[in-house]
Amino acid sequence: MKYEFPHKDIIDPDQFTKKDLETILTITDYVVELQKAKKINHLLSDYLMASLFFESSTRTRLSFETAMLRLGGKVISTVGFQFSSISKGETLYDTMKMIEAYADIAVIRHPVEGSSRIAASAIDIPIINAGDGAGHHPTQALLDLYTIYKEKKSIDNLRIAFIGDLKFSRTIHSLVKLLTHYNVEIVFISPVDLAIPEMYRKELKKKNIEFEETEDLKAFWDCDVAYVTRIQEERFVDREEYERLKNSYVVNKAMVLASKKNTMIMHPLPRVNELSTDVDSLPNAVYFKQAKYGVDVRMALLILCLQVELPDL
Amino acid sequence: MKYEFPHKDIIDPDQFTKKDLETILTITDYVVELQKAKKINHLLSDYLMASLFFESSTRTRLSFETAMLRLGGKVISTVGFQFSSISKGETLYDTMKMIEAYADIAVIRHPVEGSSRIAASAIDIPIINAGDGAGHHPTQALLDLYTIYKEKKSIDNLRIAFIGDLKFSRTIHSLVKLLTHYNVEIVFISPVDLAIPEMYRKELKKKNIEFEETEDLKAFWDCDVAYVTRIQEERFVDREEYERLKNSYVVNKAMVLASKKNTMIMHPLPRVNELSTDVDSLPNAVYFKQAKYGVDVRMALLILCLQVELPDL
Amino acid sequence: MKYEFPHKDIIDPDQFTKKDLETILTITDYVVELQKAKKINHLLSDYLMASLFFESSTRTRLSFETAMLRLGGKVISTVGFQFSSISKGETLYDTMKMIEAYADIAVIRHPVEGSSRIAASAIDIPIINAGDGAGHHPTQALLDLYTIYKEKKSIDNLRIAFIGDLKFSRTIHSLVKLLTHYNVEIVFISPVDLAIPEMYRKELKKKNIEFEETEDLKAFWDCDVAYVTRIQEERFVDREEYERLKNSYVVNKAMVLASKKNTMIMHPLPRVNELSTDVDSLPNAVYFKQAKYGVDVRMALLILCLQVELPDL
């Protein structure tokens, strides 16, 4: 199977053209099919991945390691403060030069914004950003995009709601950027204090994407997709305001059953109380499937960054 | 090789019939033979195991990971507080739904009693309980059972002593439950304050298993097997009482040589001072072999839970 | 390919004869060639390595794990305080008996000098010392030796400078011991307070190796190799003395360009400020290559300790 993918690294959702996104979705479809025949294969059996988590994120780390292992690859792994050289004052540049001597591809999670770009420029092997502080988490946005595409067959012509903390959610910002490549309508549902930042509104206008903003949770009832996120207490100066809003933005079974378009419910997880467990049993709930699609998308990205040849299925 | 094993999960020693135990012992014999030809094989090369240690237990974790790797399987692993989502308030149910998206089987160690049962009911992949707080540690009991069976050729007609803290030792409680399926005699040797709990005495009576209780350590001299455990200081209110008893229940070389039946000495490890190192060189000492049998039994359990077909040897 | 290697364990640089060193260099050449054809092979696919880091050293741990995985081997791994049995009072002897039941070879890093020798004598499987406190770190010395051999084609007839903390650097002490098997000249460059200890001067004299001692950093200008190490603040009683010396022993681009013999610059890493980053782009800098050679040398040592048959290339 032929593909073109002009990127060594996965750093930032802005790096992708529409064609790149289509390639990622197509290759993810390929690996989903591949796993139907055999859950573990040998496509990457000649490669070793370094899993570098300068801060802990078990969900993301295990997702990448699963992706690599199911492709037959090898994994070396390290978490958090175990980077003893860092504590001795080693720079990220020097650490990455060491990793380049060990691995064929590296996944990096780091608390400092922009660090994955520094890491990628230091070395010749591919780097995948698994979250860099207040920066980006592009593989999360790509797995969200794939989830919509896979479950709804197409991304175009969908009406998509974002619910919760739209101001600080890195996940939502990245996904909104990817959606600007498609013909969608967006509904932003949040308290005024947690509205989507002006830069995203500007970008949507520039790309002629229709969007609405509202405080009314019921606005998701006429949407095809509702993407729920947590409202974090620490974002509020006024605790009473938090308590009032927290209870205004809880998506539960009754709310979902009232939707007019059988809205598909997404969540990046972990959830706390903003998404009731009584939603889990509804066919609308796809958030646990998202975790599985996350592995699939990461398998595709490992293949694409390593430019591995794919046999026809 | 054909077998029947009607369990998806390994949760609790009470779940097994006599027939189940015989199946586990037989399949363990099979993997012991298998390793004589080749130390690493490919029986589970299409499977990925998640090693989920919500609390640290290096001995048990490495034993399970060794078992999976020697069967050609893949392993993703995480320890303790590295479960960052848990610290954000995620429930065990949600964590397990994520793991189900990654792995084909999961081993779980958790500080809360009953947690492995909750984990197993949350998801469809097999779960093996590697210890849940004051609850059970069934794979330890099964490896103890296999050690007796392997070293003594049969479990029936043996006289088996348990020495030390019989009140709190989870290991002993689980093994006693398994032994009620066999025709054995049991001698409980402990200080009165650390005697075997009434519920186990009741169960033994119900199953017509002969047992004695004594404070006299020398009672193991006419036993075929002596299972030694540590007396933990923190169980005593009276420190002097602890100091006196600690020294009354030390099994050393002279004690072992005085046994009339060449008693086989077992210990779940780690040991501190209740079992002298001068016993190590005696043929009676099987406690380091127990560690090896632990890997073998866990290999068998992985095979059984995954219902993997076994080629004839 | 035939070889002779009369060692089960790698414990101490003193254990090697000149012939052993030549064998290690030759087998390392072999694995370097091997990897040109295929980055991951199956030479050790029937073996499992335990990576036992009783203290954290990410650089060394990942180097050994990479070596094992690239040879097709399996790895179980544990770091630091996660050794929960140790915290319960288990001895190193007992821990190693457990590891022997799991693994075919073990790599051990431990804060206590001499611990790797204790570990090796406890069990029958090969042990590789990955650093034991103030004791030895023989694989670092061997990778340094291989770096010189590989880059300079031969070790004989070289003039080699050691710069920095010659008193406490375990790395330098071990490499000096290995170099006594060759016909080299050595220049020790350090503040008087951090001079090479008398025992090494004695050994060099006994072996008729020419050496000089000086405080003048420029002394490396007529050397073929300069091995730079860090001067650690905590070694000084007088902080002003430290500040003065720290700035006297900084190797930078201008210093390197002034060398008369195009000196090759080595460093064990991590570096802080004793080696400027402006040296990185010079062809003289081999310290990032050292990290790669470290993997190669460790691959050779795993093969040698396991006495694995090598197919001709």
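Residues numbered from 1 in each chain as written. Chains lettered and ligands numbered in written order. Predicted model: local features only at pLDDT ≥ 70, side-chain atom pairs only at ≥ 80, totals over all residues.

Right, let's talk about the overall build of chain A for a bit. For chain A, the helix and strand inventory stands at 11 helices and 9 strands. Expected size for 313 residues packed as a compact globule is a radius of gyration near 20 Å; at 20 Å, chain A falls within 12% of this value. The buried share among the 313 residues of chain A stands at 52%. In chain A, once contacts between residues fewer than 6 apart in sequence are set aside, the share between residues at least 24 apart is 76%. (Helix = DSSP H or I, 4+ residues; strand = E, 2+ residues; numbered from the N terminus. Rg over C-alpha atoms; globule rule 2.2 N^0.38 Å. Buried ≥ 20, exposed ≤ 12 C-beta atoms within 10 Å, placed from the backbone. Contact = placed C-beta atoms within 7 Å.)

The next thing to look at is the relation of the copies chain B and chain A. Expressed as a screw operation, the relation of chain B to chain A combines 0.0 Å of axial shift with a rotation of 120°, fitting to an RMSD of 0.0 Å. Here the copies are linked by what is in effect a three-fold axis. (Least-squares fit on C-alpha atoms with pLDDT ≥ 70 in both.)

Let us now look at the pairing of strand β7 (residues 210-214) of chain C. Residues and elements named next belong to chain C. Examined bridge by bridge, strand β6 (residues 185-189) and β7 share 5 bridges and lie parallel to one another. Bridging from a neighbouring strand, Ile186 pairs with Phe211 of β7. Note on the crossover from β6 through helix α8 (residues 198-206) to β7: the handedness is right-handed. (Pairing = 2+ DSSP bridges. Right-handed = clockwise from strand over helix to strand, strands pointing away.)

With that settled, the discussion passes to the sheet that holds strand β5 (residues 159-163) of chain B. Residue and element names in this part refer to chain B. What the 5 strands build is an open sheet, ordered β7-β6-β5-β8-β9; its pairing is parallel. Looking at strand neighbours, the two that pair on one side only are β7 (210-214) and β9 (264-266), the edges of this open sheet. The average angle at which neighbouring strand axes cross in this sheet is 20°, direction not considered. Here β5 pairs with strand β6 (residues 185-189) via 5 bridges, running parallel. Its bridge partner lying in β6, Ile163 is registered against Ile189. (Axes fitted to C-alpha atoms, helices over the stretch in contact; angles between N-to-C directions.)

For the rest of this paragraph, the subject is the packing of helix α4 (residues 92-102) of chain C against helix α5 (residues 115-122) of chain C. Axes are the key here: two packed helices are described by the angle between their axes and the distance separating the axes. Residue and element names in this part refer to chain C. Axis separation between α4 and α5 bottoms out at 9 Å; the angle between their running directions is 50°. Here α4 lies oblique to α5, going by the angle between them. The handedness of the crossing between α4 and α5 is right-handed. Here Leu92, Tyr93, Met96 and Lys97 of α4 lie close against α5, whose contacting residues are Ser115, Ile118, Ala119 and Ala122. (Parallel < 35°, antiparallel > 145°, perpendicular 65-115°, else oblique. Left-handed = near helix turned anticlockwise from the far one by under 90°.)

On to the interface of chain B and chain A. Contacts between chain B and chain A engage 19 residues on the former and 22 residues on the latter. Residue assignment for the side of chain B that touches chain A shows that the elements contributing at least two residues are β2 (74-79), α3 (84-87) and α4 (92-102) of chain B. Ranked by residues supplied to the side of chain B that touches chain A, first place goes to α4 of chain B with 5 residues. Counted by class, the side of chain B that touches chain A contains 6 nonpolar, 6 polar and 7 charged residues. (Nonpolar A, V, L, I, M, F, W, Y, C, P; charged D, E, K, R; others polar.)

Let's shift gears to the domain arrangement of chain A. Residues and elements named next belong to chain A. One can read the domain layout of chain A as domain 1 (13-136 + 294-306) and domain 2 (139-291). The C-alpha-based centres of domain 1 and domain 2 are spaced at 26 Å. Contacts between domain 1 and domain 2 engage 15 residues on the former and 14 residues on the latter. Examining the composition of the side of domain 1 that touches domain 2, we find that 5 residues originate from one element, helix α1 (residues 18-37), more than from any other. Residue classes in the side of domain 1 that touches domain 2 are distributed as 9 nonpolar, 3 polar and 3 charged. (Domains from an automatic or database assignment.)

Picture the strands of a sheet paired through backbone hydrogen bonds; they go either parallel or antiparallel. All names here are of chain A. With respect to topology, 4 strands assemble into an open sheet ordered β2-β1-β3-β4, the strand pairing being parallel. Pairing within the sheet leaves two strands with one partner each, and these edge strands are β2 (74-79) and β4 (127-132). Going from strand to strand, the sheet's axes swing by 10° on average, the running direction of each strand aside. Bridge analysis of strand β3 (residues 105-110) against β4 gives 4 bridges, and the strand direction is parallel. The partner of Val107 across the bridge, within β4, is Ile128. Against the sheet, helix α2 (residues 58-70) contacts β1 (48-53), β2, β3 and β4, and its axis sits at roughly 180° relative to β1. Its contacts with the sheet put helix α5 (residues 115-122) on β3 and β4, and the angle it makes with β4 is roughly 160°.

This paragraph deals with unusual backbone geometry. Put simply, Leu269 of chain A and Pro270 of chain A share a cis peptide bond, and its omega is 0°. Positive phi values are uncommon outside glycine, yet Asn157 of chain A reaches one of about 70°. Counting through the fold element by element, Asn157 of chain A comes out in the loop between α6 (138-152) and β5 (159-163). Looking at Asn157 of chain A, the number of C-beta atoms within 10 Å reads 11, which means it is exposed. The phi angle at Lys153 of chain B is positive, at roughly 70°, despite the residue not being glycine. Relative to the elements of secondary structure, Lys153 of chain B occurs in the loop between α6 (138-152) and β5.

Within the largest apolar cluster, 296 residues are counted, with the highest numbers of intra-cluster contacts made by Ala161, Ala226 and Ile265 of chain A, Ala161 and Ile265 of chain B together with Ala161 of chain C. The biggest single contributor to this core is helix α11 (residues 287-306) of chain B, with 12 residues. Beyond its immediate sequence surroundings of up to four residues, Ala161 of chain C is in contact with Val187, Ile189, Ala219, Phe220, Cys223, Val225, Ala226 and Tyr227 of chain C. (Core = buried A, V, L, I, M, F, W, Y, C linked by C-beta atoms within 7 Å.)

Contact with chain A, which involves 19 residues of that partner, is made by 22 residues of chain C. Of all elements in the fold, only β2, α3 (84-87) and α4 (92-102) of chain A reach the threshold of two or more residues within the side of chain A that touches chain C. At 5 residues, the largest contribution of residues to the side of chain A that touches chain C is made by α4 of chain A. Its residues assigned to classes, the side of chain A that touches chain C comprises 6 nonpolar, 6 polar and 7 charged.

Here we come to the packing of α1 of chain A against α6 of chain A. Residues and elements named next belong to chain A. Put simply, α1 and α6 touch, their axes get as near as 11 Å, and they point 70° apart. Between α1 and α6, the crossing angle belongs to the class labelled roughly perpendicular. α6 is crossed by α1, and the crossing has right-handed handedness. Across the interface between the two elements, Leu21, Ile24, Leu25 and Thr28 from α1 touch Leu142, Leu145, Tyr146 and Tyr149 from α6. By residue class, the composition of the contact of α1 with α6 is 7 nonpolar, 1 polar and no charged.

What follows covers helix α11 (residues 287-306) of chain A. Residues and elements named next belong to chain A. Over its 20 residues, α11 extends 29 Å from the first C-alpha to the last, a length consistent with the 28 Å expected when each residue adds 1.5 Å. α11 sits mainly inside the fold: 16 of its 20 residues count as buried. Trailing α11 by a residue or two, Gln307 shows a phi angle of about 55°, which is positive. (Expected span 1.5 Å × (residues − 1).)

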